[in-house]
Amino acid sequence: MAGGCFRGRVDPERPAYSIVIPPPNVTGMLTMGHVLNNTIQDILARRARMTGHSVLWLPGTDHAGIATQTRVERELRRTEGKTRHDLGREAFLKRVWQWREHHGDLIIEQLKRLGCSCDWERTVFTMDPEYSRRVLKAFVELYRRGFIYRGHYMVNWCPVSLTALSDEEVIMKPQQGILYKMRYEVAEHPGTFLEIATTRPETLMGDTAVAVHPEDDRYRHLVGCHAWRPFPRAKIPIIADDHIDREFGTGVLKVTPAHDKADFEIGQRHHLPVLDVLNPDGTLNALAGEDFDGLDRFEGRKKAAEKLRALGLLVGEEPYENNVGFSERADVPIEPRISEQWFLRYPQAEEAKRVIEDGTIRFHPERWTKVYMNWMNNIRDWCISRQLWWGHRIPVWYRKGADRSDAANWHVDLEPPADPENWEQEEDVLDTWASSWLWPFATMGWGDPGAEKAEGLDYFYPTSALVTGPDIIFLWVARMIMAGLEFMRPGEAPARRIPFRDVYFTGIVRDIEGRKMSKSLGNSPDPLELIRDYGADGLRLGVISIAPQGQDIRFSNDRVETGRNFCTKLWNACRFRLLSGPAGDNASLPAILARIDPGALEAEEHSLLLGMVEVTRDLEKAFAGYEFSQACQRLHAFFWGDFCDWYVEVSKAKLKDSSAGTVLAVQDAVLRQLLLLLHPFIPHITEELWELLGYNDGDLPLMATALPLAKSLEEALAAAGIRPDPKSATLADGLKQLVSAARALKAEHRLASSRDVRFFFTGGSEEAALIRSYESRLTRLIGAAAIEPKETVDGCPATLTPLGNLFLDLSASVDVGAERERLSKEIEKTQALAEATRKRLGNPAFVDKAPPPVVEGARRQLSELEAKVEELERLRGALG
């Protein structure tokens, strides 16, 4: 940060790479979801810098209208016993800003602890004056283009936050409730009743009609008559409407236009009165009747059922599961409510579908395309007004004393009217998402030519990638696409107007049992404690390595410990290199390769150098496909297996002879490339080791060093006269597999810790000669006394390797009597299992009735058990 390495600079000589951070709520604290999301963004940003791009990773925070206002109001009640209304709007907003100054940057500091390489000097807050002006500018332009309108419509209402919500802010949850079956008497035919089922008897006081299907012969003769609403008792019409499902329940629906979206539409078609019996806070009002006035809606439900029962009108109650909409923020059931609100007809909806269909924007994983398209094909107008004080106040003024329903009495502009004393500004603010949908370009100066140039809008837009969760694919991703297409570079090709080219959807971080993390379950670890205990790099690597593309993660601290252990292994490997001999000139890759004598390279060097090129190429493919955990696993396998477990061990003896300089230079070249490849994942330790090993050219840090890609590596090797031989590398790979096979044989026969066992080898003359030349190194790696090439070997357990057959000599390694007894017991046990399986397969009831995969599995199990018995008997026979 001090060196300005994270700054996004406009550089016409280099390609741009940009990411805008999904702005965390100003109320937020770092969670494991943030760790996963922001680590992936940091990996992309750091690798882009190292591959020649000028990178802007732009950070910021969201004002989180409902959450922040609720937090401050709660604190106000707790400390002063006051509400926001006691303070007034201006004084309350001053309190919110004070809260934001004290707490709002906490999550930013936590992201820095994680190692996020954002351009922190450009941090944007959605309520910053410049950003706010751009939000209001977008509102004014959309209004003038005919996309924004005001009207009295049914909305989702949160009775806790006391504001309207968009459909995307409502979470459907299955709820166990009761289906109440009641009856309404037909006024014109006393003694004739219509049976109606409902889950919400507390709203029947707002019924203004009973509806049936016009072609339902059971009720056609009653259309035009009236039914008695039980309480407050009143006649309401019986109407016919095509919306009614004749097959559902009794085919009769009570119509409550004020409290149900479908009923509201029926009411509009039939010009029914609207009777709102609920207050904004979810309590019943005087229109519900004296018995219900002031009751909570759920208490009203019980009271209504009791009253129906007392009147003899409740004919049944039964358990019923249905989906109920909950406020995403307050987590309480929402209420459909008719309210005067501002709405937005989505612009560019059709083009927003085309850019996904034709691949202009790519989703990773691709399966989210179907989800996106389904929502876009069923899109509804967006309620963008909120009954809050904290947020972007809608730039509309109404002429005092005039009819507010008449747009001629509105002033819609960024600036207030010239005679403000004659006007009143709209009280509502914009939905928080109505500011963040502009995030990719409003953060870069959009709407102000001077700011656009200074902040690099033309250079950095469209952004390169977006990393986000699929839970906000509608709330944010789809809306940003439409906003970019509407506002950016009108008339140009979609590829120049879209907000981003790739979208990576992360999975959900769950606990080891697969449950979502939450404070109530106590299964959500504190990332800062994990950083304290395991290091930021350990946390980053531990999380990414278990995060396959777009899949949910089962997290435990063991994962982070594995990441920390990898970092420890890397540190120790570099420390061993420092202790093995002088580094020489490590300032550049050509300087290191110049220290290698091509004639001194043996099979293991050929294998390692080819592996270095291959792991680099594999990471290029992994990054192209956004396969980050796959990249981690490939790096782990090459570093831990090929470099540490194989090359470092097999080359130890060579450090004492004339080839030591070449061995050390090979280690230096490979470690250099490894640190470059690993840096995006574990930036802190790699930066430290880069300097300790002398790789820094002058003051150039690792993060600013160019990463040689596979083709460049091959060219650099060739320029130094080094041409890794695939045939020699294949032989070395064969030796590695031979070591693994030998260790497995020892473990199978409980000799893993023994170092005096003998092996025999049969194979071609070239392979036998290779093993003779490597015998001392192989025996040390395996933990064996000798490996003897032979023409034939009988009576020894064996395994096949790419070089030939390897046999374990048990005669001098084990207690023959004890081993014979062990094998005999194992044979008896396996034979018993095989016999049980054989009987099972001989039972027609099992073979005929069990699912085919189960029967096939049993046959496969029998075959494996019989083969195991045969092998155990062979081993027992080999003991003499």
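The preceding data block contains the structure.
The notes below deal with the structure included here. Keep in mind that this is a model prediction, so the values were computed, not measured.

1. Some details on the packing of helix 2 (residues 65-80) against helix 4 (residues 89-103)
So, point 1. Where helix 2 meets helix 4, the closest approach of the two axes is 10 Å, and the angle between their N-to-C directions is 100°. As far as their axial angle goes, helix 4 and helix 2 are roughly perpendicular. Listed contacts from helix 4 to Thr 68, Gln 69, Arg 71, Val 72, Glu 73, Leu 76 and Glu 80 of helix 2 are Phe 92, Arg 95, Val 96 and Trp 99.
So, point 2. Its residues assigned to classes, the contact of helix 2 with helix 4 comprises five nonpolar, two polar and four charged.

2. Describing the environment of Arg 822
So, point 1. Among the structural elements, Arg 822 can be located in helix 29 (residues 816-841).
So, point 2. Expressed as a C-alpha distance, the spacing of Arg 822 and Leu 865, which sit 43 residues apart in the sequence, is 17 Å.
So, point 3. Excluding anything up to four places from it in sequence, Arg 822 contacts Glu 748, His 749 and Arg 750.

3. Side note on the pairing of strand 28 (residues 798-801)
So, point 1. As judged from the four bridges shared by strand 28 and strand 29 (residues 804-809), these two strands associate in the antiparallel manner. Directly across from Leu 800, in strand 29, lies its bridge partner Asn 805.
So, point 2. What sits between strand 28 and strand 29 in their antiparallel hairpin is a turn of two residues.

4. Comments concerning the packing of helix 18 (residues 536-544) against helix 24 (residues 683-692)
Two quantities define a packed helix pair, namely the angle between the helix axes and the distance between the axes.
So, point 1. Two elements in contact, helix 18 and helix 24, have axes separated by 7 Å at closest approach and are oriented at 125°. The orientation of helix 18 relative to helix 24 falls into the category oblique. Every residue of helix 24 that contacts helix 18 at Ala 536, Asp 537 and Arg 540 is listed here: Pro 683, His 684 and Ile 685.
So, point 2. The class makeup of the residues in the contact of helix 18 with helix 24 is three nonpolar, one polar and two charged.

5. Some remarks on helix 21 (residues 603-624)
So, point 1. Spanning 22 residues, helix 21 covers 32 Å between terminal C-alpha atoms, matching the ideal 32 Å at 1.5 Å per step.
So, point 2. In the segment just after helix 21, Tyr 626 is the residue with positive phi, at about 55°.

6. Focus: the nonpolar core
So, point 1. Ranked by internal contacts, the top residues of the largest apolar core, which has 122 residues, are Leu 44, Phe 555, Phe 643 and Phe 759.
So, point 2. Of all the elements, helix 22 (residues 628-650) adds the most residues to this core, at twelve residues.
So, point 3. In contact with Phe 759, not counting residues within four places along its chain, are Ala 742, Leu 745, Lys 746, Ile 782, Ala 784, Ala 786, Ile 787, Glu 788, Leu 806, Phe 807 and Leu 808.
So, point 4. Membership of the second largest hydrophobic core comes to 65 residues, among which are Val 135, Leu 475, Ile 481 and Phe 505.

Calculation notes
- Residues numbered from 1 in each chain as written.
- Predicted model: local features only at pLDDT ≥ 70, side-chain atom pairs only at ≥ 80, totals over all residues.
- Heavy atoms only, no water.
- Axes fitted to C-alpha atoms, helices over the stretch in contact; angles between N-to-C directions.
- Helix = DSSP H or I, 4+ residues; strand = E, 2+ residues; numbered from the N terminus.
- Parallel < 35°, antiparallel > 145°, perpendicular 65-115°, else oblique.
- Contact = heavy atoms within 4.5 Å.
- Nonpolar A, V, L, I, M, F, W, Y, C, P; charged D, E, K, R; others polar.
- Pairing = 2+ DSSP bridges.
- Expected span 1.5 Å × (residues − 1).
- Core = buried A, V, L, I, M, F, W, Y, C linked by side-chain atoms within 4.5 Å.
- Buried < 20%, exposed > 50% of the residue type's maximum accessible area, 1.4 Å probe, protein only.

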